[in-house]
Amino acid sequence: MKTLIKGLPPAAIQTAFGLVYAITLLMTLCPPLYLAASGVRTTVLGIPFSIFYWIAGSAITGLALWAKYAVEHIRGELDEEIIPAAAAVGATEESIA
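Visitor: Is there a simple way to think about the overall build of the protein in this case?
Guide: Helices and strands together make up the secondary structure of the protein, namely 5 helices and 2 strands. Its helices and strands taken in sequence order, the protein reads α-α-α-β-β-α-α from the N to the C terminus. Taking all 97 residues of the protein together, 13% fall into the buried category. Partitioning the intrachain contacts of the protein with sequence separation of at least 6 by distance along the chain shows that 58% fall at a separation of at least 24. When the accessible area of the protein is evaluated, it comes to approximately 7500 Å², of which 70% is carbon and sulfur surface.

What follows is the structure in structure tokens.
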């Protein structure tokens, strides 16, 4: 699986995650979708469907962010190391003034 992820072009990954984010944005920012969901009287896990709709949207977004982080980690695209500026290393307030 890691070799497949490493072999994908960056545009394919950006498109896939962009579609997921676009769908969740559409779910949360398009009032007719929520109004259609609020008329449903079904409960999901004991929660009214209209509330589950918001929970599902946020859960999908959170899982997509986690998956994007995992993909970037596999591809080695994370900026995990922060290198401080050379002037700030070992400098104290007295030596700066």
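Visitor: Would you mind going over unusual backbone geometry with me for this structure?
Guide: Despite not being glycine, Leu45 has its phi angle at roughly 55°, a positive value. Within the secondary structure, Leu45 is located in the loop between β1 (43–44) and β2 (47–48). Judged by its relative accessible area of 77%, Leu45 falls in the exposed class.

Visitor: How do you make sense of the packing of helix α2 (residues 10–29) against helix α4 (residues 49–75) when you look at a structure like this?
Guide: Axes are the key here: two packed helices are described by the angle between their axes and the distance separating the axes. Two numbers describe how α2 lies on α4: the axes approach to 9 Å, and their chain directions differ by 165°. The orientation of α2 relative to α4 falls into the category roughly antiparallel. Handedness of the α2/α4 crossing: left-handed. Across the interface between the two elements, Pro10, Ile13, Gln14, Phe17, Val20, Tyr21, Thr24, Met27 and Thr28 from α2 touch Tyr53, Trp54, Gly57, Ile60, Thr61, Ala64, Leu65, Ala67, Lys68, Val71 and Arg75 from α4. The residue inventory of the contact of α2 with α4, partitioned by class, reads 13 nonpolar, 5 polar and 2 charged.

Scoring rules and cut-offs
- Residues numbered from 1 in each chain as written.
- Predicted model: local features only at pLDDT ≥ 70, side-chain atom pairs only at ≥ 80, totals over all residues.
- Heavy atoms only, no water.
- Helix = DSSP H or I, 4+ residues; strand = E, 2+ residues; numbered from the N terminus.
- Buried < 20%, exposed > 50% of the residue type's maximum accessible area, 1.4 Å probe, protein only.
- Contact = heavy atoms within 4.5 Å.
- Areas by Shrake-Rupley, 256 points an atom, 1.4 Å probe, with all protein chains shown as cover.
- Axes fitted to C-alpha atoms, helices over the stretch in contact; angles between N-to-C directions.
- Parallel < 35°, antiparallel > 145°, perpendicular 65-115°, else oblique.
- Left-handed = near helix turned anticlockwise from the far one by under 90°.
- Nonpolar A, V, L, I, M, F, W, Y, C, P; charged D, E, K, R; others polar.

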